[in-house]
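Inside the fold
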Amino acid sequence: MAQQDDNLLKKVIAHAKEYGFVFPSSEIYDGLSAVYDYGQNGAELKNNIKAYWWSFMTQLHDNIVGIDSAIFMHPTIWKASGHVDAFNDPMIDNKDSKKRYRADVLVEDAISKMEDKIEKEVEKAAKRFGESFNRETFVSTNARVLEYQKKIDETNVRLKEAMGNNDMAAFKQLVDDLEITDPISGTKNWTEIRQFNLMFSTEMGSVAEDANKIYLRPETAQGIFVNFLNVQKTGRMKIPFGIAQIGKAFRNEIVARQFIFRMREFEQMEMQFFVKPGEEMKWYEIWKEKRMRWHQALGLGADNYRFHDHLNLAHYANAACDIQFNFPMGFKELEGIHSRTDFDLKSHEKFSGKKLQYFDPEDNQNYIPYVVETSVGLDRMFLSILSNSYKEEKLEDGSERVVLALPPALAPHKVAILPLMKRDGLPEKAEAIMNELKFDFRCYYEEKDAIGKRYRRMDAVGTPYCVTIDHDTLKDDTVTIRYRDTMKQDRVNLTELKSILEKGCSMKELLKKI
Ligand code: GAP
């Protein structure tokens, strides 16, 4: 079971701010809850993550194309998609602490606590029985474990029923029966549970009478669905094919904590893959596997990812799972993969009165395609990479360093160009080298401070290579290249630099690993 590491999260947040990755939004006005700005290094890292996703999805798949649809859309779209009626979270307040919670999260936390108790029993028994311990036998026979498991199963059933039937009274009864207490006040003094719609709304049009309520999109997917026929026809796409999109989404989250994990304004990278009805489960499995490979190619550790099947399916899905990542808060959703059936296109047909069908030349028939969706949060990708890359190391000489071991292709800067001294023609030589490299790699130039200090600063922002220019460089065109992760140094000829960098940190090499 993943351990929660609050300390790590705090350090990552502080590091992200100190080194220009992520700032609280509107900071000089004391910030805006669950909204963040990306700084000079954060914007580069974010762009590189986008490029990695976009290249894999659209460039390496000749049957996937990308679009960029507007955030504002016709309000009926959200009626058709089910978001106006069903995109709700159950909210509950504690009357003593005045804190607001998602009731389903409180119940899920209670379930996690019961699961932890089972794990504790297992650990105790494993110690007691030693080599002869058999987990399966133990959990299926031990009275205490069976009791906990029964309670977990019952709770899951009651939660599913209450959510499915929109029965807030039954939901509240479940919170009471589980004797859930507020972590802050420690009391069970709860309000009733109310459904809260997560969509932000605003008004379009400058004249009040003409004002039209519109929504800020809570997912980018609908922009793809409503353009399905435009793209299919103009791109002469044949099923199976996909439409990809990266863009902002907005959700008025009830509880938005944990830094950029749950924000009110965030970015999604989504792809809808249109398939023949009946073939969706085949493609669902294919996309699960492809997406997992894309994540794992980053080299953050295969054990840090796992699939988690959804028990409570969203209103549009016939199968769904998450790819979870081992965040500092434990394993949590990073990406969703959903088999969305023909729900969305069918519903848009009904609400718009326009046909959204595909003519299949092979079968000589029209049908509404089924859809397999992959949807990953860009900000969550950012957090998974940043938190996994943050390392505090004790060095042999007793000193310490903080290094961001970012996947080199995603690092904000690929190489730092460092003249050893600010004189003797070294800066001029360094600039000439930079002017050669900068067309292929994002370079960082720095001539201030001792070289050791400059190396540390580059470690802290995750620059994979430092190139030092010294007096010998002027004589023989060789430089010292220093590697971020090993801190080893090599003397190489200037003519070799480009190919070393290309091999070590180009997007092409990363994409080849998938
Ligand atoms: N179109 C399907 C859809 O939107 P979702 O599971 O609600 O599905 C997809 O969201 C992904 O978007 C999530 O896996 C997560 O990475 C990201 N995401 C969702 N809500 C978010 C939030 N409030 N802040 C940051 N990322 C979020």
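A few points on the structure. Every value quoted in this text rests on a predicted model; they were computed, and no experiment measured them.

Reading the values: rules and limits
- Residues numbered from 1 in each chain as written.
- Predicted model: local features only at pLDDT ≥ 70, side-chain atom pairs only at ≥ 80, totals over all residues.
- Heavy atoms only, no water.
- Helix = DSSP H or I, 4+ residues; strand = E, 2+ residues; numbered from the N terminus.
- Buried < 20%, exposed > 50% of the residue type's maximum accessible area, 1.4 Å probe, protein only.
- Contact = heavy atoms within 4.5 Å.
- Lys, Arg positive; Asp, Glu negative; His and termini not counted.
- Charge placed at Lys NZ, Arg CZ, Asp CG, Glu CD.
- Expected span 1.5 Å × (residues − 1).
- 1 Å grid on protein atoms, 1.4 Å probe; cavity = no way out; pocket = protein on both sides within 12 Å on 5 of 7 lines; lining within 4 Å.
- Points joined across faces, edges and corners; volume = space filled by probe spheres on them.
- Nonpolar A, V, L, I, M, F, W, Y, C, P; charged D, E, K, R; others polar.
- Near = heavy atom within 4 Å.
- Polar contact = N/O pair within 3.5 Å; in protein donor to acceptor, adjacent residues only side chain to side chain.
- Areas by Shrake-Rupley, 256 points an atom, 1.4 Å probe, with all protein chains shown as cover.
- Pairing = 2+ DSSP bridges.
- Axes fitted to C-alpha atoms, helices over the stretch in contact; angles between N-to-C directions.
- Left-handed = near helix turned anticlockwise from the far one by under 90°.
- Arc of directions from axis to C-beta.
- Salt bridge = Lys/Arg side-chain N within 4 Å of Asp/Glu carboxyl O.
- Parallel < 35°, antiparallel > 145°, perpendicular 65-115°, else oblique.
- Phe/Tyr/Trp six-rings, centres within 6.5 Å; stacked < 30°, edge-to-face > 60°.

**Quick notes on the overall build of the protein chain**
- When helices and strands are tallied, the protein chain shows 18 helices and 23 strands.
- Taking the principal axes of the C-alpha coordinates as reference, the protein chain spans close to 80 × 65 × 55 Å.
- Sorting the 514 residues of the protein chain into buried and exposed places 49% on the buried side.
- By sequence separation, contacts in the protein chain at least 24 residues apart represent 66% of the contacts at least 6 residues apart.
- Across the protein chain, the centroid of the 74 positively charged side chains sits 1 Å from that of the 81 negatively charged ones.

**What about helix H5 (residues 103-129)?**
- Across its 27 residues, H5 extends 39 Å between first and last C-alpha, which sits within 8% of the 39 Å expected from 1.5 Å per residue.
- Every buried residue belonging to H5 is among Ala103, Asp104, Leu106, Val107, Ala110, Ile111, Met114, Ile118, Glu121, Val122 and Ala125, and all of these are buried.
- The secondary structure elements touched by the buried residues of H5 are strand E4 (88-93), strand E5 (100-102), helix H6 (135-141), helix H7 (143-164) and helix H8 (168-177).
- Following H5 by one or two positions, glycine 130 adopts a phi angle in the positive range, close to 60 degrees.

**Regarding the layout of surface pockets**
- A volume near 310 Å³ is recorded for the second largest pocket.
- Lining the second largest pocket are 21 residues, with Pro408, Tyr465, Asp485, Gly504 and Lys513 sitting closest to its centre.
- No other element matches helix H17 (residues 494-505), which puts three residues into the lining of the second largest pocket.
- When grouped by side-chain class, the residues that make up the lining of the second largest pocket number 12 nonpolar, four polar and five charged.

**A look at unusual backbone geometry**
- Here the bond from isoleucine 239 into proline 240 is cis, since omega is 5 degrees, no more than 30 degrees from zero.
- Positive phi, close to 45 degrees, is recorded for arginine 236, a residue that is not glycine.
- Even without being glycine, methionine 487 reaches a positive phi, approximately 65 degrees.

**A closer look at the site of the ligand**
- For the ligand, the set of nearby residues contains 21 residues, the closest of which are Glu219, Met263, Glu270, Glu333 and Leu334.
- A distance of 2.6 Å separates a nitrogen atom of the ligand from a polar side-chain atom of glutamate 219.
- Within the backbone of methionine 263, one N or O atom sits 2.8 Å away from a nitrogen atom of the ligand.
- Surface burial for the ligand is 93%, taken as the share of its 550 Å² of free accessible area covered by protein chains.
- Mapped by element, the contributors of at least two residues to the shell around the ligand are strand E10 (265-275), strand E13 (330-341) and strand E16 (370-377).
- Here the shell around the ligand takes six residues from E13, the largest share from any one element.
- Split into classes, the residues belonging to the shell around the ligand amount to six nonpolar, five polar and 10 charged.

**Focus on the sheet that holds strand E3 (residues 64-67)**
- With mixed pairing, the seven strands of this open sheet are ordered in space as E3-E9-E10-E16-E13-E12-E11. Strand pairing shows two members of the sheet lacking a second neighbour, E3 and strand E11 (305-309), which therefore form its edges. Looking at each pair of strands side by side, their axes are set apart by 25 degrees on average, direction ignored.
- Note that E11 and strand E12 (residues 319-327) share five bridges and pair antiparallel. When the sheet's bridge partners are listed, histidine 308 is paired in E12 with aspartate 322.

**Looking at the packing of H5 against H8**
- Contact geometry for H5 and H8: axes closest at 10 Å, N-to-C directions at 35 degrees. For the pair H5 and H8, the sense of crossing is left-handed. Within the contact between the two elements, H5 uses Ala103, Asp104 and Val107 and H8 uses Phe171, Leu174 and Val175.
- Its residues placed into classes, the contact of H5 with H8 shows five nonpolar, no polar and one charged.

**Remarks on H8**
- Listing the buried residues of H8 in full gives Met168, Phe171, Lys172, Leu174 and Val175. All buried residues of H8 fall inside an arc of 155 degrees around its axis, so they share one side.
- Next to the buried residues of H8 lie E4, H5, H7 and strand E6 (194-197).
- Of the residues that open H8, the one with a side-chain oxygen 3.3 Å from the backbone nitrogen of alanine 169 is aspartate 167.

**Here's the deal with the side chain of threonine 220**
- Mapped onto the elements of the fold, threonine 220 is located in the loop between strand E8 (212-215) and helix H9 (221-225).
- Accessibility expressed as a relative area gives 0% for threonine 220, which makes it buried.
- The contact partners of threonine 220, leaving out residues within four places of it in the chain, are Gln245, Gly247, Lys248, Gln268 and Glu270.

**Some details on the pattern of salt bridges**
- Taken as a whole and assessed by the stated rule, the structure comprises 39 salt bridges.
- With a shortest N-O distance of 3.4 Å, aspartate 176 and lysine 172 are connected by a salt bridge. On the criterion of helical spacing, the pair formed by aspartate 176 and lysine 172 is a turn pair, its members being four residues apart in helix H8.
- With a relative accessible area of 32%, aspartate 176 lands in the partly exposed category.
- Connected via shared salt-bridge partners are Glu393, Arg401, Arg456, Asp459 and Arg482.

**With respect to the packing of helix H2 (residues 40-59) against helix H13 (residues 378-389)**
- Relative orientation of the contacting elements H2 and H13 amounts to 110 degrees, with a least axis distance of 10 Å. Classified by the interaxial angle, the pair formed by H2 and H13 is roughly perpendicular. In this structure, the crossing between H2 and H13 has a hand that is right-handed. Here Gly42, Leu45, Lys46, Ile49 and Lys50 of H2 lie close against H13, whose contacting residues are Leu378, Asp379, Met381, Phe382, Ile385 and Leu386.
- Partitioning the contact of H2 with H13 into residue classes produces seven nonpolar, one polar and three charged.

**Remarks on the packing of aromatic side chains**
- Counting across every chain of the model gives 18 aromatic pairs.
- Aromatic side chains tyrosine 38 and phenylalanine 382 sit 4.9 Å apart centroid to centroid with 70 degrees between the ring planes, which places their arrangement in the edge-to-face category. Residue tyrosine 38 is located in strand E2 (residues 36-38), and its partner phenylalanine 382 is located in helix H13; the two are separated by 344 residues in the primary sequence.
- Given the relative accessible area of 19%, tyrosine 38 is considered buried.
- Exposure remark for phenylalanine 382: the relative accessible area of 0% places this residue in the buried category.

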